[in-house]
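Chains, contacts and geometry: an overview
Spelled out, the chains give:
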Amino acid sequence: DFNNGSDQYEPGKTYTITAIIDQDSISKFGFQMVALSKKSKTSNTYINAGSISLIDSLRTQLLPGTGRKYITHTSTGSLPVSAGMGAWSFIWKAPATDVGQVNFYLAAMASNNDNHWDGDMLYTKTLIVNSPTSTGINENDDNGGFSVYPNPSSGRPMSINYTVSNKTNVEL
C-alpha cells in the first residue's frame, strides 16, 4: 500500500515508507529500493523520481556513486526487528512537479544465515504510484495519428484526436 491505500502521490509532498518482510525462522534480512519515472512522456529512459532520505542510519543507507538513488540495509539493518521480521523506514519526497507515473522497485531477501542458498528467499515487488492527474490512458506513439489532450487528465474534459492518412471509417 502507498499513502493509506491511495495509488497517487502529491508533487512535493513527503511520505514515510516502510518496507517489511515477514518470514518465520529467518535470522537475516535485506532490501534495496529505487524510485524511478520516465525521463519524458515518450522516453524509455528512466530517471530518479523524487528524493530518498534516511530515518534510521543504523538500519538503512543510500548507495553512493550509482547514478540512481538506491536505499538499502546496513549490516545492523540486516538483523530482525522482531522474531522473523525485517523492516526499514525511510522518507520519500515526491518530485516537485507532476512527472507522471512513479515506479518503486523493491528487492528483499530473507536468509537463514547458514552461508548456503538453501532456505534463503528472494522477493521482488514493483509498486506503481500515479500522478494526481493520471487518467489511465496511455498515448500510443506507434500509430502516428492518435493523441489525447490533456494527458494526464483528472475530472477535466479531454479531447481525443485521431488522424488517418487514407479515407476510412473510424469507430471510437
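Our subject is the structure listed above.
The following refers to the structure shown. (Residues numbered from 1 in each chain as written. Predicted model: local features only at pLDDT ≥ 70, side-chain atom pairs only at ≥ 80, totals over all residues. Heavy atoms only, no water.)

1. Concerning the nonpolar core
One finds Phe2, Tyr9, Phe31, Trp92 and Phe104 to be the most contacted residues of the largest nonpolar core, which totals 23 residues. Contributing elements (two or more residues each) for this core: β1 (14–22), β2 (28–38), β7 (85–93) and β8 (102–111). Setting aside anything within four residues of it in sequence, one finds phenylalanine 31 in contact with Ala19, Thr60, Ile71, Thr72, His73, Trp88, Phe90, Leu106, Ala107 and Ala108. (Core = buried A, V, L, I, M, F, W, Y, C linked by side-chain atoms within 4.5 Å. Buried < 20%, exposed > 50% of the residue type's maximum accessible area, 1.4 Å probe, protein only. Helix = DSSP H or I, 4+ residues; strand = E, 2+ residues; numbered from the N terminus. Contact = heavy atoms within 4.5 Å.)

2. So, the sheet that holds β7
With antiparallel pairing, the 3 strands of this open sheet are ordered in space as β1-β7-β4. Looking along the sheet, the strands with just one partner apiece sit at the ends: β1 and β4 (51–54). Mean inter-strand twist for the sheet, computed between neighbouring axes without regard to direction, equals 35 degrees. Taken together, the 9 bridges between β1 and β7 define a ladder with antiparallel strand orientation. Along β7, the bridge assignment pairs threonine 18 with serine 89. (Pairing = 2+ DSSP bridges. Axes fitted to C-alpha atoms, helices over the stretch in contact; angles between N-to-C directions.)

3. Focus: the environment of proline 95
Take proline 95: it is sitting in the loop between β7 and β8. Here proline 95 falls in the buried class, since its relative accessible area comes to 9%. Sequence-wise, proline 95 and serine 51 are 44 residues apart; in three dimensions their C-alpha atoms are separated by 7.4 Å.

4. Digging into the packing of aromatic side chains
All chains considered together, the criterion is met by 5 aromatic pairs. Centroid distance tryptophan 92 to phenylalanine 104: 4.9 Å. Interplanar angle 75 degrees. Geometry classified as edge-to-face. Here tryptophan 92, found in strand β7, pairs with phenylalanine 104, found in strand β8; they are 12 residues apart in sequence, far enough to count as distant. Of the residues examined, tryptophan 92 reaches a relative accessible area of 0% and is grouped as buried. A relative accessible area of 5% places phenylalanine 104 in the buried class. Connected via pairs of aromatic rings, a cluster forms that spans Tyr9, Tyr15, Trp92 and Phe104. (Phe/Tyr/Trp six-rings, centres within 6.5 Å; stacked < 30°, edge-to-face > 60°.)

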